[in-house]
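# Fold and geometry: a report
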Amino acid sequence: MNVAVFSTKSFDRMFLQEHNSSYGHSLVFFEDRLTEHSVSLAAGFEAVCVFANDRLNRQILTTLSDNGTRLIALRCAGFNNVDLPAADELGLTVVRVPEYSPHAVAEHTVALIMALNRKVCRANSRVREGNFSLEGLLGFELCGRTVGIVGTGRIGKVVAKILKGFECALLASDPFPSPECESLGVSYVSFERLSAQSDIITLHCPLMPHTYHLINDEVISRMKAGVMLINTSRGALIDTKAVIEALKSGKIGYLGLDVYEEEADVFFEDLSDKIIHDDVLARLLTFPNVIVTGHQAFFTQTALENIAKTTLSNITDFEKSQPCPNQITLELIRG
Ligand code: NAD
C-alpha cells in the first residue's frame, strides 16, 4: 500500500524499513509533522502513518479524505489527537499500536521517581563541576511510601509490579480494577482518596474529555504537602499552570514529566540554539525539583520494533480487508 509517513525521525525510518521487507508496502517518509500546512503532502496516499503530536482534526481529516486517504495508521497507543467522530463520518479507518512495550513506559516512570527523589541530575552536574557536597541532595526511601497509580491498564499494572519490589504501599484508582493488581496487594480507592493519601502520584490513564486537567487546583489542594507527581501519560491530564503555583508554594515537592500539554511544537526537535517561546514550559524548567523528558518513555529498541511490526501489520490488514484487532472504534471513546 502507498503510505505517507509523517513526523519521521531517523529511528522511525530505520525500524519501519527494516521490517517492511516482510510486508512490502511503499513507504514515503516526511519529516514534517502533519498539520494544516503539510497535509497536501499526503495527496494521493491511501494510507497516512502518524505519531502522537500529528494533528488529525476535522479539517485535516476532511482534506485527507478528499485527497484519497482511507486509512490513518497511528504509530502510538494514545489517540487523543484524532477527531474520531469526524473520521467515522468521513469513512476513514483508524488503527493504532495499543501495546508495544508497557515495560518501556513503566520503567521510565520509575526512573523519573528515582532521579527526582535521589536528585541524580543535580548530583551528576555538581560532581562534574568538582563539587562533591551533599547539601540539598537528601532523599527518602521508597520502602513503605504510599504510591497512588491512576489507571492500572497495561502500563499502570507494570508500574505496580515494579513498585511492589520497592515495598511501597500501593493505591490505585481505575473504573475497571485489575484482578492481577489486586492479587499484588494494590488497594483500589476513589481518586479523591488516592490524591489525599499518596506520597507519590503517577498518572497512567488516557487523555479523554473526562480526564482533561484531572490534576487541577482543587485536586492539588487535597494532596499531601510535598507530594511527588509523575506524568508519563498525556500532558493535558495536568493543568500545568495550577501545578506551577503548587511548586511555588511547596505543596508539590517533586514533579516528573515526560509529556506536556503544549508539547506538540517543542518536543522531538532540537531547539538548543533557539529561544523557547512557551513561558509556561520555560518556568517549569527553572525549578530544581522538576525533571522534564521530551516524550521518551516509549523510546526503547523493543518498543520501536513492536511499533514498526504492528503498524505494518495493521496496514496489511486494511489492505487485505481483514479484520484488524487494533482498529479504533467510537465505542472505545464512549467506554
Ligand atoms: P490502557 O488503555 O491499557 O490503560 C488505561 C487505564 O486507564 C485503563 O485501565 C482504564 O480503565 C483507566 N482509566 C480510564 N479513565 C480513568 C480515570 N478517569 N481514572 C483512572 N483510570 C482511568 O493504556 P496504557 O497502554 O496503560 O497507556 C496509558 C497511557 O499512557 C496512554 O493513554 C498513553 O496516552 C500513554 N502513553 C505514553 C507513552 C510515552 O512515551 N510517554 C507511551 C505509551 C503510552
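A brief report on the enclosed structure follows.

The rules behind the values
- Residues numbered from 1 in each chain as written.
- Predicted model: local features only at pLDDT ≥ 70, side-chain atom pairs only at ≥ 80, totals over all residues.
- Heavy atoms only, no water.
- Buried < 20%, exposed > 50% of the residue type's maximum accessible area, 1.4 Å probe, protein only.
- Helix = DSSP H or I, 4+ residues; strand = E, 2+ residues; numbered from the N terminus.
- Pairing = 2+ DSSP bridges.
- Near = heavy atom within 4 Å.
- Polar contact = N/O pair within 3.5 Å; in protein donor to acceptor, adjacent residues only side chain to side chain.
- Nonpolar A, V, L, I, M, F, W, Y, C, P; charged D, E, K, R; others polar.
- Contact = heavy atoms within 4.5 Å.

### Quick look at the pairing of strand E9 (residues 200-203)
Residues Ile200 and Thr202 of E9 are buried on one face, and the alternating residues Ile201 and Leu203, pointing to the opposite face, are buried as well. Relative to E9, strand E6 (residues 146-150) runs parallel, the two sharing four bridges. Within E9, the residue paired with Ile149 across the bridge is Thr202. Bridging between E9 and strand E10 (residues 227-231) involves four bridges; their strand directions are parallel. Opposite Thr202, over in E10, you have Ile230 as the bridge partner.

### Details of the site of the ligand
As a structural note, the neighbourhood of the ligand is formed by 24 residues, with Tyr100, Arg154, Ile155, Asp174 and Thr232 the closest of them. Between the ligand and His210 there is a distance of 3.4 Å, counted from a nitrogen atom to a side-chain nitrogen or oxygen. Contact distances for the ligand include 3.0 Å between a nitrogen atom and a side-chain N or O atom of Asp258. Tallied by class, the residues present in the shell around the ligand amount to 10 nonpolar, 10 polar and four charged.

### Here we look at the environment of His295
Positionally, His295 belongs in the loop between strand E12 (290-292) and helix H12 (301-319). Of the residues examined, His295 reaches a relative accessible area of 8% and is grouped as buried. Separated by 62 residues in sequence, His295 and Ser233 have C-alpha atoms that sit 9.1 Å apart. Setting aside its immediate chain neighbours within four residues, His295 contacts Ala52, Arg234, Asp258, Val259, Glu263, Phe267 and Phe268.

### Quick look at the side chain of His19
Along the chain, His19 turns up in helix H1 (residues 10-20). With near-sequence residues (within four places) excluded, His19 lies in contact with Glu305, Ala308, Lys309 and Leu312.

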